[in-house]
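Coordinate analysis (summary)
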Amino acid sequence: MAISTRPPRTLSDIKTHSGRAGSNLEVYRDYFQVGALELERWRRTKERDAAASRIASIDSRIVDIQNEKEILLAGAAAACATMESNHQTELAEKRKSSGLRIKY
């Protein structure tokens, strides 16, 4: 067997066709790019619709919270008014004279 004097082949020695064709001949890449952009636009539209729906539900909950708050405050005000009137009648009963009192 004879000793080979040729250097071993490496990755850079492999011949390919990449880069030989002009970019103007590869129209399919443009169509692929258009398809990718259409998909991204569809995803962004769905994302925007989901966000708008979430904002609407948050706004609805804020209105519900405000209504519940007003109901609770009205109930608390009514309870305070009845407690105040009860306290007033108790004070009036305590102020009734129960005879002659003299303080020294």
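First things first, this report covers the structure right here in the doc. Remember, predicted model here, so these are calculated numbers, not experimental data. (Residues numbered from 1 in each chain as written. Predicted model: local features only at pLDDT ≥ 70, side-chain atom pairs only at ≥ 80, totals over all residues. Heavy atoms only, no water.)

What about the overall build of the protein?
Worth spelling out the cut-off: Numbering of helices and strands starts at the N terminus; helices are DSSP runs of H or I of at least 4 residues and strands are runs of E of at least 2. Per-residue and other accessible areas were derived by the Shrake-Rupley procedure at a 1.4 Å probe size, with only the shown protein chains allowed to occlude residues.
Summing up its helical and strand segments, the protein has 1 helix and 0 strands in all. Accessible surface for the protein amounts to roughly 10600 Å². Of this, 59% is attributable to carbon and sulfur atoms.

Here's the deal with a nonpolar patch on the surface
Keep this limit in mind: Patch rule: a residue counts if its relative accessible area is over 30% and it has no salt bridge; like charges are joined within 9 Å, and nonpolar side chains (Val, Leu, Ile, Met, Phe, Trp, Tyr) within 5 Å. The salt bridge definition used is simple: a Lys or Arg side-chain nitrogen within 4 Å of an Asp or Glu carboxyl oxygen. In this scheme, a residue with accessible area under 20% of its type's maximum is buried, one over 50% is exposed, and one in between is partly exposed, where area comes from a 1.4 Å probe on protein chains only.
On the surface, Leu100, Ile102 and Tyr104 cluster together into a nonpolar patch covering about 500 Å² of accessible area. Relative to the assigned elements, Ile102 resides in the segment after helix H1 (27-94). Owing to a relative accessible area of 54%, Ile102 belongs among the exposed residues under this scheme.

Overview of the pattern of salt bridges
Under the defined criterion, the tally for this structure stands at 4 salt bridges. When salt bridges with common partners are traced through the structure, they connect Glu40, Arg44 and Glu47 into a single cluster.

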